[in-house]
Amino acid sequence: MTQRALDSSGEHSPGPTRPAMIDAGAELDPVHPVEPPPPPRRPDGLTTAEVAERVARGEVNDVPVRSSRSLAEIVRANVFTRFNLIIGVLWAIMLFVAPIQDSLFGFVIVANTGIGIIQEWRAKKTLDSLAVIGEAKPTVRRDGVAAEISTHEIVLGDVIELGPGDKVVVDGTVVEADSLEVDESLLTGEADPVIKRAGDPVMSGSFVVAGGGAFTATKVGREAYAAQLAEEASRFTLVHSELRSGISTILKYVTWMMVPTAIGLVISQLVVKDNNVKDSVARTVGGIVPMIPEGLVLLTSVAFAIGVVRLGRKQCLVQELPAIEGLARVDVVCLDKTGTLTEGGMDVTEVRPLNGSDEAYVRQVLRTLGSSDPRPNASLQAIIDAYPADADDAESWTVTEALPFSSARKYSGAAFTEADGTASAWLLGAPDVLLPEGDAALAEVGQLNEQGLRVLLLARVQGDDLDAPGAAEGAAPTALVVLEQRLRPDAGDTLAYFADQNVATKVISGDNAVSVGAVAGKLGLPGAENTLDARRLPSDPDEMATAMEQNAVFGRVTPQQKRDMVAALQSRGHTVAMTGDGVNDVLALKDADIGVSMGSGSEATRAVAQIVLLNNSFATLPSVVGEGRRVIGNITRVATLFLTKTVYSVLLAILVVCTQVEYPFLPRHLTLLATLTIGVPAFFLALAPNKERARPNFVRRVMRYAIPSGVIAAAATFTTYLLARHHYSGEDALAAETSAATLTLFLVAMYVLAIIARPYTWWRLGLVAAMGLGFLIVLVVPWLQDFFALKLVGTTMPWAAVGIAVAAAALLEFVWRWVGRRFGM
């Protein structure tokens, strides 16, 4: 896997065989046969003219990166629904057989649909603009110059450079490989990295875990099947949404109830009763329309869409709407220390020579190590910043071999030819990995780790096979490099927020567990003193789950262990969120219930995460949790309103069919009631602040309240209606009976609204009062009385209607409190 120097004959020095990179001026011994030379070390890529030719031929990577639904999909999803079809047919009928006021429900649906389209379109524009900011920008060589371009600008034959954390964006063939290791787990399910050599294929959707290189694009656009597969399998895998699936379940049950009830009502009103046909049709439609909870789906999508817009203003890209809900349900957050609790950069505070090593010599080794890696990680970058290379170094010290850092190995390395011709080989990495237990140097390392400092060991090794399994054996400790990590100023407040919300926080890092625990302790993480070295973590999933629940900080964790840890927590019923920014976090991000990536993270982490924090601020997470809780809590409230209406509408229709009486309401009556007791207040309640902790079993909790509320409302309304039928007589009796029944139903529905609006604030009380005032205005303004066919006759029956509503309200209060005590709110 390491790059070998060639001897004078052009043959490989001992080590793993793979195509070598040959200098242009090297002379080969003609006596010894050699393999054909591989492609040039740095192909210049396509010229501008060649790119233009390929664009003209359509050989462009034009597969769109779908960050949200298209406008056509949004319109289709909001307009062409099952319930809109039913309501559209009924609306068309009513336009022919009844006055315009009985067709108001159709205009309400048109307005609701328009609102849904506009809000989701706003969310789409927010998503798309943020997606451009967070889009992967591969480095492509053209005309001999490497530059970042958008993924969709890649053409067939482009030479694309790769480094640690880069995502392979199109299919291709490797032309350069410098210890290149590619993870193809998102495509094949195989977690072990694959070593890639010149000539090997690479597939889109895979990503680089170590080393670097370049490849030529061989399939772009829709021909790159692997690109489409990876996009569907990784970035847009649907997050499980209990809210979405719960509403689908509710709508399915509503359809089952609605169809037979509507058929019975049609037969009852048109056949059994010898009424005026137009009036019978109007009352039949009046019985069917309120059964449909048409606004429930609308308000859910609007609530999600507005959540996306709100988070977008905070530079948070939600790659999938239900991810907002998912994070609100999370009870365990797994954090990667680097880039999450600490900022990406580090500073070298000191270098401590060991075993009598010369400090000047140690610095020279570190200086040359820094120049050996073209893509240094944060630790090596800190060393480069502290000990920058100069021209004299480049001439006096020569790098003969380089081993990039790997999360699995926990070290990097290089071999040099020093100024005096001496050959030396070095490893730089975790002291407790490079040294055996009990080594004297580890005691000093432990003291530094307890202060929250990060410590790297520079060790000299024998031989030049740096990536061999036993390369670290016999390593001679030469110096300790002490690094200070920059704590994120807002990390402490974020950890405190999760602790206050009873969300367990687990810090999972590849660094030393004691050092990580010290950092977490500085930030006030509860249980930071409970640290565990992942090398001592049990492999049994159940035992691992126990260890995960008992400890808060884990160090020396490998990428595969991060994945196993997430699975172990999920096996105990936890909903797990994983945050990270490095390539070593990808597998765990993919398997977690919710993956959260930093915007500065690798392309691979941004690709698999459902939420990307483009501002790289861990402090944005509480806002995401808050949005999720607002959506879940508020939709639960308004769902109860909508389903209460569905329940009482179905029961009223059944009672009418069984008693063979006229249906009491015209569509205009129920449109008025639905607008004042459900439509307008539900819109405000769905978008209001809500910090209630998300709870499971959405359907069960909604139906526990909606069913008894609907039963009580139907019983009270039908009782009033039957009393009014006995009280009134004459030609206008039905209008008087309808008005009395409408009064009872409105008052009961208003009390349901008043319960759902709790806990009261000034604006909630104002909302309930405004809805009551609206109904009162309809009752007292003459032209509104005529328009809605609502006129209370006499005093006896109206007061009886109020009395029945008061009794129903008392029963509602008792039932809601009983359900709350019995099952919990």
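Throughout what follows, the structure given in this document is the object of discussion. This is a predicted model, so every value here is computed, not measured.

A count of helical and extended segments in the protein chain gives 28 helices and 21 strands. Here the protein chain holds 825 residues, and the buried ones make up 56% of them. Across the protein chain, contacts joining residues at least 24 apart in sequence account for 73% of those joining residues at least 6 apart. As presented, the protein chain carries roughly 34100 Å² of accessible surface, and 59% of it is formed by carbon and sulfur atoms.

With 89 residues, the main nonpolar core has Phe105, Ile635, Val638, Leu641, Phe698 and Phe775 as its most contacted residues. Tallying contributions element by element places helix H22 (residues 621-659) first for this core, with twelve residues. If we ignore the near neighbours within four places in the chain, the residues touching Phe105 are Ile87, Leu90, Trp91, Met94, Val285, Val289, Pro667 and Thr671. Counting 36 residues, the second-largest nonpolar core is a separate cluster that includes Ile324, Phe498, Val596 and Leu613.

Okay, the environment of Ala805 next. In this fold, Ala805 is placed in helix H28 (residues 796-823). Here the alpha-carbon distance between Ala805 and Leu747, two residues 58 residues apart in the chain, equals 6.0 Å. Discounting chain neighbours no more than four positions away, the residues touching Ala805 are Thr744, Leu747 and Val748.

The next thing to look at is helix H11 (residues 359-372). Given a rise of 1.5 Å per residue, 14 residues ought to cover 20 Å, and the 20 Å separating the end C-alpha atoms of H11 matches this to within 8%. For H11, every residue scored as buried is listed here: Val362, Gln364, Val365, Leu366, Arg367, Thr368, Leu369, Gly370 and Ser372.

Turning our attention to the pairing of strand S2 (residues 145-148). Alignment of strand S1 (residues 139-142) against S2, held across four bridges, turns out to be antiparallel. Its bridge partner being in S2, Thr139 is matched across the sheet by Glu148. The turn joining S1 and S2, which pair antiparallel and follow one another in sequence, is formed by two residues; a positive phi near 55° is taken by Asp143.

Two elements in contact, helix H9 (residues 294-312) and helix H10 (residues 322-329), have axes whose closest approach is 9 Å; the angle formed by their N-to-C orientations is 80°. Between H9 and H10, the angle falls in the class roughly perpendicular. Seen from H9, the contacting residues are Phe304, Gly307, Val308 and Leu311; seen from H10, they are Pro322, Ile324 and Glu325. A breakdown of the residues in the contact of H9 with H10 according to their chemical character gives five nonpolar, one polar and one charged.

Scanning all chains against the criterion turns up three cavities of 30 Å³ or more. Counted as a void, the largest cavity has a volume near 60 Å³. Lining the largest cavity are Leu641, Thr644, Lys645, Tyr648, Thr677, Ile678, Ala749 and Val752. Those elements that place two or more of their residues in the lining of the largest cavity are H22, helix H23 (667-686) and helix H25 (733-756). Sort the elements by how many residues they give to the lining of the largest cavity and H22 lands first, with four residues. Tallied by class, residues from the lining of the largest cavity come to five nonpolar, two polar and one charged.

Turning our attention to unusual backbone geometry. Cis geometry is adopted by the peptide bond preceding Pro759, which originates at Arg758 and carries an omega value of -5°. With respect to the secondary-structure elements, Pro759 resides in the loop between H25 and helix H26 (762-780). You will see that Asn502, though not glycine, has its phi angle at about 60°, which is positive. Residue position: Asn502 is located in the loop between helix H16 (491-500) and strand S16 (504-508). Residue Asn502 is classed as exposed on the basis of its relative accessible area, which comes to 60%.

Examined against the element boundaries, Ser509 turns out to sit in the loop between S16 and helix H17 (513-522). At 3.0 Å, the side chain of Ser509 and the backbone nitrogen of Asp511 are in polar contact. Once residues lying within four places of it in the same chain are set aside, the contact partners of Ser509 are Asp336, Lys337, Val516, Phe554, Gly555, Arg556 and Val557.

Let's shift gears to the packing of aromatic side chains. On inspection of all chains with the given rule, the structure shows twelve aromatic pairs. Ring plane angle 55° and centroid distance 5.6 Å describe the contact between Tyr253 and Trp256, whose orientation is recorded as tilted. Residue Tyr253 and its partner Trp256 are both found in helix H7 (residues 242-272); the two are separated by three residues, about one turn of the helix. By relative accessible area, Tyr253 is classed as partly exposed at 41%.

Cut-offs applied
- Residues numbered from 1 in each chain as written.
- Predicted model: local features only at pLDDT ≥ 70, side-chain atom pairs only at ≥ 80, totals over all residues.
- Heavy atoms only, no water.
- Helix = DSSP H or I, 4+ residues; strand = E, 2+ residues; numbered from the N terminus.
- Buried < 20%, exposed > 50% of the residue type's maximum accessible area, 1.4 Å probe, protein only.
- Contact = heavy atoms within 4.5 Å.
- Areas by Shrake-Rupley, 256 points an atom, 1.4 Å probe, with all protein chains shown as cover.
- Core = buried A, V, L, I, M, F, W, Y, C linked by side-chain atoms within 4.5 Å.
- Expected span 1.5 Å × (residues − 1).
- Pairing = 2+ DSSP bridges.
- Axes fitted to C-alpha atoms, helices over the stretch in contact; angles between N-to-C directions.
- Parallel < 35°, antiparallel > 145°, perpendicular 65-115°, else oblique.
- Nonpolar A, V, L, I, M, F, W, Y, C, P; charged D, E, K, R; others polar.
- 1 Å grid on protein atoms, 1.4 Å probe; cavity = no way out; pocket = protein on both sides within 12 Å on 5 of 7 lines; lining within 4 Å.
- Points joined across faces, edges and corners; volume = space filled by probe spheres on them.
- Polar contact = N/O pair within 3.5 Å; in protein donor to acceptor, adjacent residues only side chain to side chain.
- Phe/Tyr/Trp six-rings, centres within 6.5 Å; stacked < 30°, edge-to-face > 60°.

Such coordinate-based values are descriptive only and should not be taken to indicate function.
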